[in-house]
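# Observations on the three-dimensional arrangement
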Number of protein chains: 2
Amino acid sequence: MKNIKMIIEYDGRRYLGWQRLGDSDKTIQGKIENILSEMTDTKIEIVGSGRTDAGAHANGQVANFKTNSEMDLLTMRNHLNRYLPQDIVIKELVEVPERFHSRYHVSGKKYSYYVWNELVPSAFERHYSYHYPEKLNHEKMQEACKKLVGRHDFLGFSSLKKSTIRTIDEISIRQEGALLHFTFIGEGFLHHMIRTMMGTLLEIGSGYRELDSIDMIFDSKIRSMAGETVPAQGLFLDEVYYK
Amino acid sequence: MKNIKMIIEYDGRRYLGWQRLGDSDKTIQGKIENILSEMTDTKIEIVGSGRTDAGAHANGQVANFKTNSEMDLLTMRNHLNRYLPQDIVIKELVEVPERFHSRYHVSGKKYSYYVWNELVPSAFERHYSYHYPEKLNHEKMQEACKKLVGRHDFLGFSSLKKSTIRTIDEISIRQEGALLHFTFIGEGFLHHMIRTMMGTLLEIGSGYRELDSIDMIFDSKIRSMAGETVPAQGLFLDEVYYK
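Definitions and limits used
- Residues numbered from 1 in each chain as written.
- Chains lettered and ligands numbered in written order.
- Predicted model: local features only at pLDDT ≥ 70, side-chain atom pairs only at ≥ 80, totals over all residues.
- Heavy atoms only, no water.
- Least-squares fit on C-alpha atoms with pLDDT ≥ 70 in both.
- Contact = heavy atoms within 4.5 Å.
- Salt bridge = Lys/Arg side-chain N within 4 Å of Asp/Glu carboxyl O.
- Polar contact = N/O pair within 3.5 Å; in protein donor to acceptor, adjacent residues only side chain to side chain.
- Helix = DSSP H or I, 4+ residues; strand = E, 2+ residues; numbered from the N terminus.
- Nonpolar A, V, L, I, M, F, W, Y, C, P; charged D, E, K, R; others polar.
- UniProt positions renumbered as here; feature names shortened; annotations may be inferred.
- Buried < 20%, exposed > 50% of the residue type's maximum accessible area, 1.4 Å probe, protein only.
- Domains from an automatic or database assignment.
- Buried area = accessible area lost by both parts, 1.4 Å probe.
- Axes fitted to C-alpha atoms, helices over the stretch in contact; angles between N-to-C directions.
- Left-handed = near helix turned anticlockwise from the far one by under 90°.
- Pairing = 2+ DSSP bridges.

### Notes on the relation of the copies chain A and chain B
Once chain A has been moved 0.0 Å along the axis and rotated by 180°, it coincides with chain B to within an RMSD of 0.0 Å. A rotation of that kind, with that shift, is consistent with a two-fold axis. Distance from the rotation axis, computed per C-alpha, reaches its smallest value in chain A at A:Phe124: 5.5 Å.

### As for the interface of chain A and chain B
Counting from both sides, the interface comprises 24 residues of chain A and, opposite them, 24 residues of chain B. Applying the counting rule to chain A against chain B returns zero salt bridges. In this assembly, chain A and chain B are joined by two residue pairs in polar contact (both at pLDDT 80 or more). Of all the secondary-structure elements, those providing two or more residues to the side of chain A that touches chain B are strand E1 (2–10), strand E3 (57–67), helix H2 (73–83) and strand E4 (88–96) of chain A. Residue contributions to the side of chain A that touches chain B peak at four residues, all from E4(A). Taken together, the residues that form the side of chain A that touches chain B break down as 12 nonpolar, five polar and seven charged.

### Description of the UniProt feature "binding site: substrate" (unreviewed entry) in chain A
According to UniProt, the "binding site: substrate" (unreviewed entry) feature falls on A:Tyr111. Beyond its immediate sequence surroundings of up to four residues, A:Tyr111 is in contact with A:Arg51, A:Phe182, A:Thr183, A:Phe184, A:Phe189, A:Ile194, A:Leu235, A:Phe236, A:Leu237 and A:Asp238.

### Examining the UniProt feature "active site" (unreviewed entry) in chain A
All names here are of chain A. Per the UniProt annotation, the sites labelled "active site" (unreviewed entry) are Asp53. Tracing the sequence through the fold places Asp53 in the loop between strand E2 (47–48) and E3. Sequence-distant contacts of Asp53, defined by excluding residues within four places in its chain, comprise Gly17, His191, His192, Arg195, Ala232 and Leu235.

### With respect to the pattern of salt bridges
Tallied over the full model, the rule gives 18 salt bridges over all chains. Where A:Asp87 meets A:Arg14, a salt bridge forms, and the shortest distance between an N and an O atom there is 2.7 Å. Of the two residues, A:Asp87 is situated in the loop between H2 and E4 and A:Arg14 in the loop between E1 and helix H1 (28–40); the sequence distance between them amounts to 73 residues. For B:Glu45, the salt bridge goes to B:Arg20, with nearest N and O atoms at 3.9 Å. Here the residue B:Glu45 occupies a position in the loop between helix H1 (28–40) and strand E2 (47–48), and B:Arg20 occupies one in the loop between strand E1 (2–10) and H1, the gap between them amounting to 25 residues. You can call B:Glu45 exposed: its relative accessible area is 53%. Each of A:Arg20, A:Glu33 and A:Glu45 takes part in one network of salt bridges that share partners.

### Remarks on the environment of A:His192
Residues and elements named next belong to chain A. Turning to its location among the elements, His192 is positioned in the loop between strand E9 (179–186) and helix H4 (193–205). Along the sequence, His192 and Ser158 sit 34 residues apart, while their C-alpha atoms lie 5.8 Å from each other. Once residues lying within four places of it in the same chain are set aside, the contact partners of His192 are Asp53, Phe157 and Thr229.

### A short note on unusual backbone geometry
In this model, A:His192 sits at a positive phi of 65°, which is unusual for a non-glycine residue. With relative accessibility at 26%, the residue A:His192 sits in the partly exposed group. With a phi angle near 60°, B:Lys221 is a residue other than glycine that sits in the positive phi range.

### Some thoughts on the domain arrangement of chain A
All names here are of chain A. Here chain A is described as being made up of domain 1 (2–96) and domain 2 (106–242). Using only C-alpha atoms to locate each centre, domain 1 and domain 2 end up separated by 28 Å. Each partner contributes to the interface: domain 1 provides 17 residues, whereas domain 2 provides 17 residues. In total, about 1200 Å² of surface goes out of reach between domain 1 and domain 2, with carbon and sulfur atoms giving 50% of it.

### Re the packing of helix H3 (residues 138–148) of chain B against helix H4 (residues 193–205) of chain B
The geometry of a pair of packed helices is captured by two quantities: the angle between their axes and the separation between those axes. All names here are of chain B. The contact between H3 and H4 brings their axes to 8 Å, and the two run at 145°. The chirality of how H3 crosses H4 is right-handed. Contact residues: Lys140, Met141, Ala144, Cys145 and Leu148 in H3; Met197, Leu201, Leu202, Ile204 and Gly205 in H4. Of the residues assigned to the contact of H3 with H4, the class counts are eight nonpolar, one polar and one charged.

### Structural notes on the pairing of E1(A)
All names here are of chain A. The sheet contact formed by E1 and E3 spans eight bridges and is antiparallel. Its bridge partner lying in E3, Asn3 is registered against Lys66. The sheet contact formed by E1 and E4 spans eight bridges and is antiparallel. Paired with Ile8 across the bridge in E4 is Ile90.

Okay, here's the thing in structure tokens:
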């Protein structure tokens, strides 16, 4: 039995997120499983590196599946890309050792969040960024990023209740015209954690919130101390790392 | 009477192009005129710098219109952006001298054409670029660009029949990963001229056509000597220049 790893790009706009929900045809996992199952004439389940939110995107989601199919991988990729909707693209298919598991073996992830920081909205970026027209203090946000990096209990930034200690290795902010590109690299992120850190960073940048409030969120571990959860549409899963 | 100049951005995907067609609600000009007319309670016609093709986009289309409205320009811009579909954005409104005419006074235009040059398509760029998976010889295309720049009769690159002499000031090619960004700057371009030059450049880049064929197109002035007219979806009107 072959174990095949796939790297997947998707425009999440039309979907309820990565994870299959019953028979719903509105998830990325569901779409790919349907085509794979038809193609191989067996029921195939794929394992993703983790969920992505409804409306969030991916440049480099990873998943794997097992199959007895004799089809070569290039033919398989072409077949998948021909029958998948055009907003889901299989970028790579490679055979991996049988023990490889897309979720258990993750060592880190890289996400991007895009903010359109101009008074006037953008006709092009509106589905791929969050329109936040307030003037932002970039230095303050950089300092806030430094406070977030490292090993902390991120309970205050999430709606989860246990096992909330995580390490963030890097947060960077780059400006491309009106578009601000925030990158987050870490071993893993809690549910809504990036979107809540983003809301907090933007409130700090626009002066609605003090830099110190980050320490208070870490200390209190209370979700309501943190900023708003910004919309999923600016969020991209860029890369999944394995050892 | 005030003369107001507007700078407009649009995602052309859903439209039949810039120019109003009868009562059709499927053109950018028509959409803007409808909102402006409702807003001022008078019939307003706007003059654009020129047409853009069905499916082509704009970062910087220019148009002007005359009005007796006393509304200040910031309020007017906000009103327009609130009631226009989100894929059309008014970036700027400025009052200009009464004699200013968006079409007659154009001194040049800048267009971009984007090519997605990788075997696998892109989930994000598919509406904003032309997927051309052939391996391209960049040096050959650069040389071909040099041949196109300058004052020539571009009849062979267009479907028009008269007044086909134009000057191109600059063509540049930049690579951003798999995305090739072609920029064209010149006093003006004939109908389909950029899309036909692009088809010709790509055929030269992929080795299907010789560099010399550009001289042959200029000499013969025969449209069928030139390359394919590539799709509008990669084409952006970036900027319109006035003296």
